[in-house]
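Tertiary structure, described
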Amino acid sequence: MCLSIPSKIKSIDPEMNTCVVDTMGVERSASLDLIDQDVVVGDYVLIHIGFAMNKIDEEDALESLKVYAEIIEKMEENDRLTAIEEAENCPNR
C-alpha cells in the first residue's frame, strides 16, 4: 500500500518545474507538472508517483504527520522494517 504523507517543499527548480520535498526526514524530488495551485518553499504538498498533486494546509499537514509518527512509534520493530521496505518498493513511487 502506498500512502501520501504530507511533504514540505524545501526548494523549487522553476526551469525543470520540480521541487525537493522533505517527507518525515527523507528528501526526494517531485514534479510540479500536475499541481494546479501555486506553491512556494515551505508549503506542504501530497506526492503521488513522483508528482505533487495538491497543496495542503500546514495545520492539517502537521496533524497528519503527528498521527503518522504515533503510528510508527507503536509499531513493533519488525512491522516498522516491513512498512519501510514496502514503501521503498512501492511501484507507484
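Now for a look at the structure at hand. Numbering of residues starts from 1 in each chain and follows the order in which that chain's sequence is written. In keeping with the predicted nature of the model, local features appear solely for residues at pLDDT of at least 70, side-chain atom pairs appear and are counted solely at 80 or more, and the whole-chain, interface and lining totals rest on all residues. Values shown for side chains rest on all heavy atoms present in the structure; no hydrogens or waters enter the calculation.

Some remarks on the pairing of strand E2 (residues 18-23)
Where we set the bar: Think of it in three bands: with a 1.4 Å probe and only protein chains considered, a residue is buried below 20% of the maximum accessible area for its type, exposed above 50%, and partly exposed in between. Under the scheme used here, helices are H or I runs from DSSP no shorter than 4 residues and strands are E runs no shorter than 2 residues, and both carry numbers assigned from the N terminus. Only when DSSP finds a minimum of two bridges between them are two strands counted as paired.
Here E2 shows a clear split, with Cys19, Val21 and Thr23 buried on one side and none of Thr18, Val20 and Asp22 buried on the other. For strand E1 (residues 7-13) and E2, the ladder comprises 5 bridges, and the chain directions are antiparallel. From the neighbouring strand, lysine 8 faces E2, where its bridge partner is aspartate 22. If you look at the hairpin formed by E1 and E2, you'll find 4 residues sitting between the two strands, and asparagine 17 has a positive phi there, around 55 degrees. Alignment of E2 against strand E3 (residues 26-31), held across 6 bridges, turns out to be antiparallel. Paired with valine 20 across the bridge in E3 is serine 29. The turn joining E2 and E3, which pair antiparallel and follow one another in sequence, is formed by 2 residues; a positive phi near 50 degrees is taken by methionine 24.

Re the pairing of strand E4 (residues 44-48)
Burial runs high along E4: 4 of the 5 residues are buried. In terms of strand pairing, E1 meets E4 through 2 bridges, oriented antiparallel. In the sheet register, lysine 8 faces E4, and the bridge partner there is tyrosine 44. Relative to strand E5 (residues 51-56), E4 runs antiparallel, the two being bridged by 5 bridges. By the bridge assignment for E5, leucine 46 is matched with asparagine 54. Hairpin connection, E4 to E5: the antiparallel pair is bridged by 2 residues, and isoleucine 49 has positive phi, about 45 degrees.

Topic: the side chain of serine 31
The condition that has to hold: Here a polar contact is taken to be a pair of N or O atoms separated by no more than 3.5 Å, where protein atoms must pair a possible hydrogen donor with a possible acceptor and residues adjacent in sequence count only if both atoms sit in side chains. Residues count as neighbours in contact if any of their non-hydrogen atoms are within 4.5 Å of one another.
With respect to the helices, strands and loops of the structure, serine 31 is situated in strand E3. According to the relative accessible area criterion, serine 31 is buried, its value standing at 12%. Separated by 3.0 Å, the side chain of serine 31 and the backbone nitrogen of aspartate 33 make a polar contact. Each residue touching serine 31, except ones within four places of it in the same chain, is listed here: Asn17, Thr18, Gly50, Phe51 and Ala52.

Some details on the pattern of salt bridges
Threshold: What makes a salt bridge here is a side-chain nitrogen of Lys or Arg within 4 Å of a carboxyl oxygen of Asp or Glu, nothing more.
Summed over all chains, the structure comprises 1 salt bridge. A salt bridge links lysine 55 to aspartate 43, with the nearest nitrogen and oxygen atoms 3.8 Å apart. In this pair, lysine 55 is assigned in strand E5 and aspartate 43 in the loop between E3 and E4, connecting sequence segments 12 residues apart.

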